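Summary of structural features
For reference, the chains in residue letters:
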Amino acid sequence: MDSRKSPAMSDHIGREIVATENPFKSILKTLQRPDGGEFGKYYSLPALNDPRIDKLPYSIKILLESAIRNCDEFQVKSKDVEKIIDWETTSPKQVEIPFKPARVLLQDFTGVPAVVDLACMRDAMNKLGGDSNKINPLVPVDLVIDHSVQVDVARSENAVQANMEFEFRRNKERFAFLKWGSNAFHNMLVVPPGSGIVHQVNLEYLGRVVFNTNGMLYPDSVVGTDSHTTMIDGLGVAGWGVGGIEAEAAMLGQPMSMVLPGVVGFKLSGKLRDGVTATDLVLTVTQMLRKHGVVGMFVEFYGEGMSELSLADRATIANMSPEYGATMGFFPVDHVTLQYLKLTGRSDDTVSMIESYLRANKMFVDYSEPQSERVYSSYLELNLEEVVPCVSGPKRPHDRVPLNEMKADWHACLDNRVGFKGFAIPKEYQSKVAEFNFHGTPAQLRHGDVVIAAITSCTNTSNPSVMLGAALVAKKACELGLEVKPWIKTSLAPGSGVVTKYLQNSGLQKYLNHLGFHIVGYGCTTCIGNSGDIDDAVAAAITENDIVAAAVLSGNRNFEGRVHPLTRANYLASPPLVVAYALAGSVNIDFETEPVGVGKDGKKIFLRDIWPSSEEVAHVVQKSVLPDMFKATYEAITKGNPMWNQLSVPSGTLYAWDPKSTYIHEPPYFKDMTMSPPGPHGVKGAYCLLNFGDSITTDHISPAGSIHKDSPAAKYLMERGVDRRDFNSYGSRRGNDEIMARGTFANIRLVNKLLNGEVGPKTIHIPTGEKLSVFDAAMRYKNEGHDTVILAGAEYGSGSSRDWAAKGPMLLGVKAVIAKSFERIHRSNLVGMGIIPLCFKPGEDAETHGLTGHERYTIDLPSSVSEIRPGQDVRVVTDSGKSFTCVIRFDTEVELAYFDHGGILQYVIRNLINVRQ
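The residue count restarts for each chain, going from 1 along the sequence in the order it is written. Given that the model is predicted, a residue must reach a pLDDT of at least 70 before its local features are reported, and side-chain atom pairs must reach 80 or more before they are shown or counted; all residues, however, enter totals for whole chains, interfaces and linings. Calculation of side-chain values draws on the structure's entire complement of heavy atoms; hydrogens and water are dropped beforehand.

Focus: the overall build of the protein
For helices the rule is a DSSP run of H or I covering at least 4 residues; for strands it is a run of E covering at least 2, with both sets numbered from the N terminus onward. The helix and strand tally for the protein stands at 32 helices and 36 strands. In terms of overall size, the protein behaves like a compact globule, its C-alpha atoms giving a radius of gyration of 27 Å where 917 residues would be expected to give roughly 29 Å. In terms of overall dimensions, the protein has a C-alpha envelope of 85 × 80 × 55 Å along the principal axes. Out of the 917 residues in the protein, the part that is buried amounts to 64%. Split by element, the accessible area of the protein, about 32,200 Å² in all, is 49% carbon and sulfur. Charge assignment in this entry is limited to Lys and Arg as positive and Asp and Glu as negative, and neither His nor the chain termini are counted. Charge positions are represented by NZ for Lys, CZ for Arg, CG for Asp and CD for Glu. The centroid of the 94 positive side-chain charges in the protein is displaced by 2 Å from the centroid of its 105 negative side-chain charges. Atoms considered for the radius of gyration are the C-alpha atoms alone. The globule rule reads 2.2 Å times the number of residues to the power 0.38. To sort residues, take the accessible area from a 1.4 Å probe on protein chains only and compare it with the maximum for the residue type: under 20% means buried, over 50% means exposed, and anything in between is partly exposed. Accessible surface area values rest on a Shrake-Rupley calculation with a 1.4 Å probe, where residue burial reflects the displayed protein chains alone.

Description of the nonpolar core
Nonpolar core, defined: a set of buried Ala, Val, Leu, Ile, Met, Phe, Trp, Tyr and Cys residues in which side-chain atoms within 4.5 Å join the residues together. Counting 284 residues, the largest nonpolar core has Trp240 and Tyr796 as the members making the most contacts within it. Not counting the four nearest positions on each side in its chain, tyrosine 796 is found in contact with Phe692, Ile696, Ile701, Phe745, Ile790, Val817, Ala819, Ser821, Phe822, Glu823 and His826. Among the nonpolar cores identified, the runner-up in size contains 26 residues, and Leu791, Leu838, Tyr857 and Phe890 belong to it. Contacts are assigned to residue pairs with any non-hydrogen atoms lying within 4.5 Å of each other.

So, the pattern of salt bridges
Here, a salt bridge means any side-chain nitrogen of Lys or Arg that lies within 4 Å of a carboxyl oxygen of Asp or Glu. Enumeration over the complete set of coordinates arrives at 43 salt bridges. Here lysine 395 ties to glutamate 560 by a salt bridge, and the two come within 3.4 Å at their closest N and O atoms. Residue lysine 395 is found in the loop between β18 (390–392) and β19 (400–402), and its partner glutamate 560 is found in the loop between β24 (550–553) and β25 (569–572); the two are separated by 165 residues along the sequence. With its nearest N and O atoms 2.8 Å apart, the salt bridge here joins glutamate 895 to arginine 827. Separated by 68 residues along the polypeptide, glutamate 895 in helix α31 (residues 893–901) and arginine 827 in helix α30 (residues 824–832) bring together distant segments of the chain. Using a relative accessible area of 7% as the deciding quantity, one classes glutamate 895 as buried. Connected through salt bridges with shared partners, the residues Asp50, Arg52, Glu82 and Asp86 form a single ionic network.

Brief notes about the state of the cysteines
Cysteine sulfur atoms are paired as a disulfide whenever they fall within 2.5 Å. Within this structure, the stated rule accounts for zero disulfides. Here cysteine 839 stays free of any disulfide, with the sulfur of cysteine 886 as its closest cysteine sulfur at 7.8 Å. Exposure remark for cysteine 886: the relative accessible area of 0% places this residue in the buried category.

Looking at unusual backbone geometry
As a rule of thumb, non-glycine residues mostly have phi less than zero, and peptide bonds are mostly trans rather than cis. A cis amide bond, omega 10°, links glycine 393 with the succeeding residue proline 394. With respect to the helices, strands and loops of the structure, proline 394 is situated in the loop between β18 and β19. Even without a glycine there, the phi angle at asparagine 187 is positive, about 70°. Relative to the helices and strands, asparagine 187 is located in the loop between α6 (159–184) and β8 (188–191). Residue classification places asparagine 187 among the partly exposed residues on the basis of a relative accessible area of 38%. In this structure, aspartate 672 is a non-glycine residue whose phi angle is positive, near 65°. As for its position among the elements, aspartate 672 is in the loop between α24 (642–645) and β28 (683–691).

Some words on the sheet that holds strand β15 (residues 298–302)
The strand order β16-β15-β14-β17 describes an open sheet built from four strands, whose pairing is parallel. Each edge of the open sheet is held by one strand with a lone partner, namely β16 (328–330) and β17 (378–383). Neighbour-to-neighbour, the strand axes of the sheet open up by a mean angle of 20°, direction not taken into account. Paired strands, in this sense, are two strands between which DSSP finds at least two bridges. As defined by bridge partners, strand β14 (residues 263–269) adjoins β17 across six bridges and the pair is classed as parallel. Each bridged residue has a counterpart across the sheet, and for leucine 268 the counterpart in β17 is leucine 382. Most of the contacts of helix α2 (residues 58–69) go to β15, to which it runs at about 125°, and overall it touches β14, β15 and β16. Angles shown run from 0 to 180 degrees and are taken between the N-to-C directions of axes, each axis being a line fitted to C-alpha atoms and, for helices, limited to the stretch in contact.

A word on the sheet that holds strand β7 (residues 141–144)
Taken in spatial order, the five strands make up an open sheet running β8-β7-β6-β11-β12, and their pairing is parallel. Two strands in the sheet have a free side with no partner beyond their single neighbour: β8 and β12 (238–241). Averaged over all pairs of adjacent strands, the angle between strand axes in this sheet comes to 20°, irrespective of strand direction. As paired elements, strand β11 (residues 221–224) and β12 share four bridges and run parallel to each other. Note that in β12 the partner of glycine 224 across the bridge is glycine 241. Contacting β6 (103–107), β7 and β11, helix α8 (residues 244–251) runs over the sheet at an angle of about 140° to β6.

Brief notes about helix α22 (residues 614–624)
Every buried residue of α22 is listed here: Val617, Val620 and Ser624. For α22, the arc enclosing every buried residue in end-on projection is 65°, short of the 170-degree limit, so these residues lie on one face. Residues of α22 that are exposed and point more than 90 degrees away from the buried face comprise Glu615, His619, Gln622 and Lys623. Its buried side turned inward, α22 meets α16 (464–480), α17 (497–506) and α23 (627–637). Starting at the helix axis, one direction is taken to each C-beta atom, and the arc is that of these directions.

Brief notes about the side chain of threonine 878
Topologically, threonine 878 is positioned in strand β35 (residues 873–878). Definition of a polar contact: a pair of N or O atoms within 3.5 Å, with one able to donate and the other able to accept a hydrogen when the atoms are protein atoms, and with sequence-neighbouring residues admitted only if both atoms are side-chain atoms. Here the side chain of threonine 878 touches lysine 882 through a polar contact of 2.7 Å, landing on its backbone oxygen. Aside from chain neighbours lying at most four places away, what touches threonine 878 is Leu851, Glu855, Arg856, Tyr857 and Phe884.

Notes on the environment of phenylalanine 166
In this structure, phenylalanine 166 sits in helix α6. With 14 residues separating them in the primary sequence, phenylalanine 166 and aspartate 152 have C-alpha atoms 7.9 Å apart. Those residues in contact with phenylalanine 166 that lie beyond four places of it in its chain are Asp152 and Val153.

Concerning the confidence of the model for the protein
pLDDT measures how confident the predictor is about each residue, on a scale from 0 to 100. In this model, the protein carries an average pLDDT of 92, and 97% of its residues clear a pLDDT of 70 or more. Here residues 1–18 is modelled with pLDDT under 50, and outside its nearest four sequence neighbours on either side it reaches 46 contacts, counting other chains as well.

Considerations on the pairing of β25
Of the two faces of β25, the one holding Ala569 and Tyr571 and the one holding Asn570 and Leu572 are both buried throughout. Inspection of the sheet shows β24 paired to β25 by four bridges, in the parallel sense. Residue pairing in the sheet places leucine 553 in a bridge with leucine 572 of β25.

Some words on the environment of asparagine 505
Within the secondary structure layout, asparagine 505 lies in helix α17. Measuring from C-alpha to C-alpha, the distance between asparagine 505 and leucine 626 comes to 9.6 Å, with 121 residues separating the pair along the chain. What asparagine 505 contacts, discounting residues up to four positions off in sequence, is Lys623, Ser624, Leu626 and Met629.

Quick look at the packing of aromatic side chains
Only Phe, Tyr and Trp rings are paired, with Trp represented by its six-membered ring, and only when their centres lie within 6.5 Å; those with planes under 30 degrees apart are stacked, over 60 edge-to-face, the remainder tilted. Scanning the entire structure with this criterion turns up 27 aromatic pairs. When the ring of tyrosine 376 is compared with that of tyrosine 379, the centres are 5.8 Å apart and the planes differ by 85°; the resulting orientation is edge-to-face. An aromatic cluster is present here, built from Phe177, Trp180, Phe185, Tyr655 and Trp657 joined pairwise through their rings. A positively charged side chain is recorded as over a ring if its NZ (Lys) or CZ (Arg) lies within 6 Å of the ring centre. The angle to the ring normal must also be within 35 degrees. Sitting above the plane of the tyrosine 716 ring, arginine 720 keeps its charged end 3.6 Å from the centroid. The ring of tyrosine 663 carries arginine 733 above its face, with NZ or CZ at 3.9 Å from the centroid.

Concerning α17
Taking burial as the measure, the 10 residues of α17 include seven buried ones, the bulk of the element. For α17, every residue scored as buried is listed here: Gly497, Val498, Val499, Thr500, Tyr502, Leu503 and Ser506. Downstream of α17 by a residue or two, glycine 507 has a phi angle that is positive, lying close to 75°.

Some points on the environment of isoleucine 790
Locating isoleucine 790 in the fold gives a position in strand β31 (residues 788–791). We classify isoleucine 790 as buried; its relative accessible area is 0%. Put simply, isoleucine 790 and alanine 819 are 29 residues apart on the chain and 8.1 Å apart in space, counted from C-alpha to C-alpha. Every residue in contact with isoleucine 790, bar those within four places of it in the chain, is listed here: Leu690, Phe692, Phe745, Tyr796, Val814, Ala816, Val817 and Ile818.

Overview of the packing of α16 against helix α20 (residues 575–584)
Packing of α16 against α20 leaves a shortest axis separation of 7 Å and a crossing angle of 30°. In terms of axis orientation, α16 runs roughly parallel to α20. Packed against α16, whose contacting residues are Val466, Met467, Gly469, Ala470, Val473, Ala474 and Ala477, the element α20 presents Pro575, Pro576, Val579 and Leu583 at the interface. For the contact of α16 with α20, the residue count by class is 10 nonpolar, one polar and no charged. Oblique is the label for any angle not covered by the other classes, which are roughly parallel (under 35 degrees), roughly antiparallel (over 145) and roughly perpendicular (65 to 115). Gly counts as polar in this scheme, as do all residues outside two lists: the nonpolar Ala, Val, Leu, Ile, Met, Phe, Trp, Tyr, Cys and Pro, and the charged Asp, Glu, Lys and Arg.

Okay, structure coming up:
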């Protein structure tokens, strides 16, 4: 944060280092107010008089300022500052830098385990003789409770209140724990449930853009425990997702170790055509960047097309950074940003301070002035006029389908073999009709029929143009007499109360209600798997007839098994298209040639008849979205609601664990911990627990959705008297390690090569050949004293940043994962939990080495961490006689230190105890 002298600490091999005062104090300047007086002090980048800085991408300048401000020659060194200044030369070399974010962002699914770990660390500190009150966030922590909204009640005027009551009944214990945490830990703001989606609240309210802390000015930057933290990049705030374990370390003042990223310059030109939405744009950008390859990189947008994009449009693009694989999709601050800050209720004085600071530090883009040439690692360009209406699916966010090709693509998916673009439905069954009775009314279901249509997710609900666009589609449809079939589960989950205010102010909410898109709550719903149940009759028709049913949602994730277990086809679409597909009732439609439905006069109604023009949408946005709405919403947000305010919580700084709780449980991470680091571990004679192909996501590894009735987690809950209707979701029970360990690899769509084509959360216990649940097999291996490893293909761990995708395997006894490639955050999380990530050499994988997963694996590592280098080659030997070389994916010296200590949290505790006051 500021440049105050840091205490002495011990590094990972025991040397004591004393921090010095900031060597850059000579560039500490005073920022004057336009009307006289001072805003505060700041570290001036122009005062360095280094021409290399002028050519740096804006996103890299934020890393540079942080390094300069936090430089103490201990955690951050002058040589780190030089590496960043020399970015053009150093970034291709994979150099390591430390980064201290200005704040940390949590939501409840990840916030609960973070607070559990902090509480646990206090206990461990206490037992080891340290001062447990040192375990406190040292940077501001914003925790938004937003992931608990299950769509239990839909298509009802009372849905919000009913779902909120369900939410509190199910999650009372969890909410009380978070309320305790907000009192027990300093520097932690908890935004109560019912307020909105974390990333929209961050954009509209929490984002500072520039901090002023005790008179020190510096850019806002944030790491969050949800991968869509990147949404804030649209506001010019550098933010991205990290694992919960990394976030906890950042909270405790540890610098994040990161590889200095390359930056892709993405030039935008032109203007979106009439009727094309920001969602169409983001799905196009996602496909382009996936093709280009941007994993581990920043993407920075620039060009004259920027002036045509609203802040909300930019945030939509930034939000989907994880889907296109980038660490960030960054939009530097310009006049559009300042206008949005004023719209959302930030004070004139705050906006003046932000603009003055960024201009003084040459971090503000003024498109009315000549633009200096920036240097980027590579370049892409998109003319916005080339973007066409589209959707993505049926199983991945980057599988974009132009709307006019959707019907043909759907039929190809039915034909194709099972895969990301295939369901392998034989030709003779493709026109199958499933007859069923819906509450006394005869009904039919076919392949591709929509059973869930949800306007949901921070990606789109923060954008007034697409939300009001959807409402205009609903209005035109209602006026023409179109209806949505009653068995389609429709829902609207705004990301903040502001959306409700402008929908009501526009007079359009009633049309959405008429089509069944009633507001169901404020938080993450269908996009995170909180779809709730679909009607029993519909569910039976799907399962008994093996129907490939569809969900259409305005979300960012559509991996199989995520949205709902019974929707095998899941398409991402703009909110207006969600309404259109709900009206059509099927994804098997060509909107250009086939009608959406038949109107009240018997006339065929086409999509073009109900689609609003861009001018219509802009007019309604201008008239309906007002600054007072944001002020009123966020003045009330921290006051909570009656149900939250009535929660009674224990006092005290050490948590009183309840051994009977099925929500909050003390995990075993620090059991038998001593002051001496355990040192690095190899792997000896390990069995393969699971053998995977490509694109195993964190949803496969650690599901966030419903707990299946036949799963080990369900058995655990039933043994403790929990009724099935009260199982809640895996995400809601992340504070209980016993349940989360049992939920690890519990995805019903898991494809494990050891099962020879069978799909489901099972594996083979190699010594006996028995087929068991993954949890039961892992426990048997542990009880027998055997290590286990996992074999995997490319992109292992893609999807949401999910700490339990690393914690779970660690608790199952997994010692190493050998994959073709890893998703960035997941690899980091594995390291944080002491699991060894290994990559096959380029062009190699389990198949090229003839590995079946029935072998036993030995990985020898030196006994001292000082003998291991980041990225070095390691030999893997099997009992079948095969051996091969892998790259050990400890990417930095700091990651090696974590591994030496048995994990990042153990490292932090030992270092805090070693601090010399």
